[in-house]
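# Survey of secondary and tertiary structure
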Amino acid sequence: MARAAVEMIGVPYSWGGGGVRGPGFGIGKGARTWGFDCSGLAEYAWARAGAEIGTTTHEQWRSGVRVPKEHVQPGDLVFYDSNPKSRGPEHVGIALDTARIVHAPHTGEVVRIEALERRTLMGVVRPTGRATDLTRG
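Residues numbered from 1 in each chain as written. Predicted model: local features only at pLDDT ≥ 70, side-chain atom pairs only at ≥ 80, totals over all residues. Heavy atoms only, no water.

With that settled, consider the pairing of strand β5 (residues 91–95). In terms of burial, β5 is largely enclosed, as five of its five residues are buried. Relative to β5, strand β4 (residues 77–80) runs antiparallel, the two sharing four bridges. Pairing of Leu 77 across the sheet is with Ile 94, part of β5. Judged from the two bridges that link them, β5 and strand β6 (residues 100–103) form a sheet pairing that is antiparallel. Note on β6: the bridge partner recorded for Ala 95 is Ile 101. Where β5 folds back on β6, the antiparallel hairpin that results is connected by four residues. (Buried < 20%, exposed > 50% of the residue type's maximum accessible area, 1.4 Å probe, protein only. Helix = DSSP H or I, 4+ residues; strand = E, 2+ residues; numbered from the N terminus. Pairing = 2+ DSSP bridges.)

In structure tokens form, the structure reads like this:
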């Protein structure tokens, strides 16, 4: 999972863009940009490993078991809640290790690697049906 996401470094952020088949045109403000939003990148990476996790951060948040941040493994989904007025996560990244994620951050940016730890960290999910070979995909 993590490798598939890392291979997309540099691909533009596109709101509503991407999915199981890879980058694509988004919707709304992402309609003219070919790329990924955060959940599209996560969906693509996990699809490459043969697992379906859903298309939105809310579906992905419910796609597996919660694990303590201290036990994060490559490929785990790391969720952030930056808007306390709405329920659930607004952002997801894919863990590379205990300190870094790969993610599609926001409009005007590209898929990149950043620190896992941030103020808005909500939790970590290990999707069920996880591939046993973490280098796969």
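Strand pairing in a sheet is mediated by backbone hydrogen bonds. Such pairs are either parallel or antiparallel. What the six strands build is an open sheet, ordered β3-β8-β4-β5-β6-β7; its pairing is antiparallel. In this open sheet, the two strands that pair with only one neighbour each are β3 (64–67) and β7 (112–115). Mean inter-strand twist for the sheet, computed between neighbouring axes without regard to direction, equals 40 degrees. Across the sheet, helix α2 (residues 38–48) is in contact with β4, β5, β6 and β8 (121–127); its angle to β5 comes to roughly 35 degrees. (Axes fitted to C-alpha atoms, helices over the stretch in contact; angles between N-to-C directions. Contact = heavy atoms within 4.5 Å.)

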